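Structure assessment
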Amino acid sequence: MALNSAEGKATLSFSDGTPALELPIYKGTIGPDVIDIRQLYAKTGKFTYDPGFLSTASCNSTITYIDGDKGELLYRGYPIEQLATKCDYLEVCHLLLFGDLPNEKQRAEFVSRVTKHTMVNEQMQFFLRGFRRDAHPMAVLTGLVGALSAFYPDSINLHDPWQREVSAIRLIAKLPTLVAMAYKYSIGQPYMYPRNDLSYAANFMRMMFATPCEDYKPNEVLVRALDRIFTLHADHEQNASTSTVRLCASSGTNPFAAIAAGVACLWGPAHGGANEACLNMLYDIQKQGGVAKIGEFIAQVKDKNSNVKLMGFGHRVYKNYDPRAKLMRETCHEVLGELGLGDDPLFKLAMALERIALEDEYFVSRKLYPNVDYYSGIVQKAIGIPVPLFTAIFALARTVGWIAQLNEMIADPEYKIGRPRQLYVGSVKRDVKPIKER
Ligand code: CMC
């Protein structure tokens, strides 16, 4: 989106004789102002330096807003707490994709469109067969999502708004089918075709847990929990995987390829892989003695030489409680209650670990709080989702955010291919010597 006129100026002065430069300042609707440095290199021959993007707004966006100090998350202006309790995931998808919540007619149309795209090309199952049965689901999903561009060549032109919309619907509709297929393949069970009479989350549960041998009725409490997991993970501003999708798509590649890049990035344990890593961490503490061993574990986390982190804690933006973690903890109570697992030792351990960490000076001084992944693993495990599949569920839910961000970028008249520069600190120019003289 083109920026409004500048509302202030910053003057940059230099100690090396370069003339001072006035840079425009732009204000967002809410949140920090930005200093527009686009003319900096042309006017001074200098770049800015910000590895890890600690102080860099890589784009302007109307989709998601996070206030890390308040612990606030808004999708298109709506607080996550209201969306998670008053809307379902497909309504949230409509909101992220098209800018507002659907009315009844729009909702029915959107649900029908998504539902009618849930099947994947039958050939896809032969593609799956090329994988080892014990392959990590994220390795499989990265391949399957990338392969969609080969199966749906009629919606790969990134610069055609209609093709972008069709690919968006296809991705939202087919991701649950692909994740469930990856799971069924890993356990050697037949794939279950999608059912159009079920909700998005209920259909996913059925594709995951039903077999052709008997009827399957998804539990309503678990369906609601899964739907909430999807909503809480649907978008999160310019995080690593979203920035990956934007950068990848900025080359003009097709939407399926760009989303596959997002899936690959999400896999890492510092990002979406944290939910799997967090549950494995809780299991480890449990094996070593449970609550009694929390003190030892925390001491390891604080030891800078140990490389041990408290997974599911900390966030680049939230320096207060992650609002998604609160909602997820509530869902955790509901799901465990429904399943008669109120005394689940892992949940008790997670709550005790959270309490102890939140009272510890190390975590307090660094403003480290539980993030969304701290409790999501316990909920998913209770639903019956195997641990290695957790990040694939995150990818399924985040797909709508990725595609909404990609659409926003491509539709922006100011869009350019992403091409960061660098501070080169390598060797100066030198000549290649004959091999015997090296
Ligand atoms: N356990 C122990 N220490 C931590 C943790 C943690 N989970 N997170 C940050 N710290 C420490 C870190 O060592 C550093 O200490 P010091 O100042 O003494 O060097 C300080 O806190 C600041 O951390 P940072 O690494 O500079 O912060 P960052 O913004 O670069 O990293 C993070 C954010 C999410 C990568 C990091 O907190 C982390 O690795 N957390 C664990 C993994 C995790 O739960 N990730 C999920 C994030 S939410 C879902 C998602 O985005 O996918």
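Provided above is the structure to which this section pertains.
The following refers to the structure shown. (Residues numbered from 1 in each chain as written. Predicted model: local features only at pLDDT ≥ 70, side-chain atom pairs only at ≥ 80, totals over all residues. Heavy atoms only, no water.)

1. So, a nonpolar patch on the surface
On the surface, Tyr49, Leu423 and Val425 cluster together into a nonpolar patch covering about 400 Å² of accessible area. Its place among the elements puts Val425 in the segment after α18 (390-411). Under the relative-accessibility criterion, Val425 is labelled exposed at 72%. (Patch = residues over 30% accessible without salt bridge, like charges linked within 9 Å, V, L, I, M, F, W, Y side chains within 5 Å. Areas by Shrake-Rupley, 256 points an atom, 1.4 Å probe, with all protein chains shown as cover. Salt bridge = Lys/Arg side-chain N within 4 Å of Asp/Glu carboxyl O. Helix = DSSP H or I, 4+ residues; strand = E, 2+ residues; numbered from the N terminus. Buried < 20%, exposed > 50% of the residue type's maximum accessible area, 1.4 Å probe, protein only.)

2. Focus: the sheet that holds strand β6 (residues 78-79)
One open sheet holds the three strands; their spatial order is β4-β5-β6, and the pairing between them is antiparallel. The open sheet has two edge strands, β4 (64-67) and β6, and neither has a second partner. (Pairing = 2+ DSSP bridges.)

3. Digging into the pairing of strand β2 (residues 21-26)
Within β2, five of the six residues are buried, which leaves the element mostly enclosed by the surrounding structure. Bridge analysis of strand β1 (residues 8-12) against β2 gives five bridges, and the strand direction is antiparallel. Bridging from a neighbouring strand, Gly8 pairs with Ile25 of β2. Bridge count between β2 and strand β3 (residues 34-35): two bridges; the pairing is antiparallel. Note on β3: the bridge partner recorded for Ile25 is Ile35.

4. Points about the packing of helix α4 (residues 104-115) against helix α7 (residues 161-187)
The contact between α4 and α7 brings their axes to 8 Å, and the two run at 75°. Here α4 is positioned roughly perpendicular relative to α7, judged by the angle of their axes. Contacts from Phe110, Arg113 and Val114 in α4 reach Trp162, Glu165, Ile169, Ile172 and Ala173 in α7. Among the residues making up the contact of α4 with α7, the classes are represented as six nonpolar, no polar and two charged. (Axes fitted to C-alpha atoms, helices over the stretch in contact; angles between N-to-C directions. Parallel < 35°, antiparallel > 145°, perpendicular 65-115°, else oblique. Contact = heavy atoms within 4.5 Å. Nonpolar A, V, L, I, M, F, W, Y, C, P; charged D, E, K, R; others polar.)

5. Section: the side chain of Thr44
Tracing the backbone through its elements, the reader meets Thr44 in helix α1 (residues 40-44). Among the residues examined, Thr44 registers a relative accessible area of 14% and is labelled buried. Among the polar contacts made by the side chain of Thr44, one reaches the main-chain amide nitrogen of Lys46 at a distance of 3.2 Å. Setting aside its immediate chain neighbours within four residues, Thr44 contacts Phe14, Thr18 and Leu21. (Polar contact = N/O pair within 3.5 Å; in protein donor to acceptor, adjacent residues only side chain to side chain.)

6. Details of the site of the ligand
Close to the ligand lie 21 residues; His271, Leu310, Gly312, Arg316 and Asn371 are nearest. Between an oxygen atom of the ligand and a main-chain N or O atom of Gly272, the distance comes to 3.3 Å. The side chain of Lys304 places a nitrogen or oxygen atom 2.9 Å from an oxygen atom of the ligand. Considered on its own, the ligand offers 940 Å² of accessible surface; in the complex 73% of this is hidden by protein. If you count residues domain by domain, the shell around the ligand takes at least three from each of domain 2 (72-271) and domain 3 (274-383). (Near = heavy atom within 4 Å. Domains from an automatic or database assignment.)

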